[in-house]
Amino acid sequence: MRIPLPPVPLPDKVVALAAEYADGTREPVEPRNAATVIVLRRGETGPEAYYLRRQVSMDFAAGMAVFPGGGVDPRDFDAQVGWAGPDPAAWADRLGCDEETARALVCAAVRETFEESGVLLAGVSDGDVVADTTGEDWEADRVALETRELAMTDFLNRRGLVLRTDLLGVWDAWLTPVFEPKRYRTWFFVAELPAGQVTRDVSSESSSVTWLPARVAADQADAGELAMMPPTYLTSMEVGTYADPAAVLEAARERSVQMFTPTVEPLGDGWTLSMPDRLRPLVAERRQP
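In this report, the structure presented in the accompanying data block is examined. (Residues numbered from 1 in each chain as written. Predicted model: local features only at pLDDT ≥ 70, side-chain atom pairs only at ≥ 80, totals over all residues. Heavy atoms only, no water.)

### Some words on the overall build of the protein
Looking only at helices and strands, the protein has nine helices and 12 strands in total. Relative to the 2.2 N^0.38 estimate, which gives 19 Å for 289 residues, the radius of gyration of the protein is 19 Å and therefore close to what a compact globule would have. For the protein, the spread of C-alpha atoms along the principal axes amounts to about 60 × 45 × 35 Å. Residues classed as buried in the protein amount to 52% of the 289 residues present. As presented, the protein carries roughly 13000 Å² of accessible surface, and 50% of it is formed by carbon and sulfur atoms. For the protein, the separation between the mean place of its 28 positive charges and that of its 46 negative charges on side chains is 2 Å. (Helix = DSSP H or I, 4+ residues; strand = E, 2+ residues; numbered from the N terminus. Rg over C-alpha atoms; globule rule 2.2 N^0.38 Å. Buried < 20%, exposed > 50% of the residue type's maximum accessible area, 1.4 Å probe, protein only. Areas by Shrake-Rupley, 256 points an atom, 1.4 Å probe, with all protein chains shown as cover. Lys, Arg positive; Asp, Glu negative; His and termini not counted. Charge placed at Lys NZ, Arg CZ, Asp CG, Glu CD.)

Below, the structure written as structure tokens:
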């Protein structure tokens, strides 16, 4: 499956549908908050990212290559969760939301990463991180989290762990266009694979997983070899311009984000979806003969 990548002409029916939302004829679906994490490791040609290919049976982004992540769970709002690193107020400033939502987003980011890759950004203190999560007891807890039989707070408390929120960086924030039937406010985080930990093909929502240099993933998407939604493609393209995970995380420390919603904009004789202005030069460079 090949997904047209930005900038791409939109079909007339999509343009017409977007116009109905713009003039108030239709009301957009209320979006759900979500978090996704670009898990990185050092590679010979730049930072490598961990991608999951979603099951073709999924009702959103079916068959797409995505980063670990998912929707915020009500229990992610628990203020009693073990916490190390910047406080929720600091996260709220950088994420562009209230403190309660910021706490839930960070918790969801750590939880979903563990559920979908086996990578756990937690430790017994702010100077420690779990070194191995491959044991049967860890897998049982991961499954219980994934099926919502176990809350993240209870999982951490039982193991004497705290969220290592300082291991996360802020990268971007995307809101699904108004004309889509299923919509998400998705905050993008970055994190480096902790020393000693390994990713595992464990997510029930993915059919396969792979590590790829972010730059190569964008190249494969351009060639039609890897299907991606535009935010995943654009993020891969941008992350791929950095030398290594440390450089990505250093850039993330300086970032605060505002939610970006793609809208319909002119493209030659037709129309396309907009993208953040900072990414336009990178896309233009890739599209040069």
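Okay, back to it.
### Quick look at the packing of aromatic side chains
All told, the structure shown has eight aromatic pairs when counted by the stated rule. Relative to Phe67, the ring of Tyr51 lies with its centre 5.2 Å away and its plane at 35°, an arrangement referred to as tilted. Here Tyr51, found in strand β2 (residues 48-54), pairs with Phe67, found in the loop between β3 (65-66) and β4 (69-71); they are 16 residues apart in sequence, far enough to count as distant. Given the relative accessible area of 2%, Tyr51 is considered buried. For the pair Phe114 and Phe155, a centre-to-centre distance of 5.5 Å together with 15° between the ring planes defines the contact as stacked. Linking Phe114 in helix α3 (residues 99-117) with Phe155 in helix α5 (residues 152-159), this pair joins segments that are 41 residues apart in sequence. Pairwise contacts between aromatic rings join Phe114, Trp138 and Phe155 into one cluster. Taking NZ or CZ as reference, Arg159 lies 3.6 Å from the ring centre of Trp138, over its face. (Phe/Tyr/Trp six-rings, centres within 6.5 Å; stacked < 30°, edge-to-face > 60°. Lys NZ or Arg CZ within 6 Å of the ring centre and 35° of its normal.)

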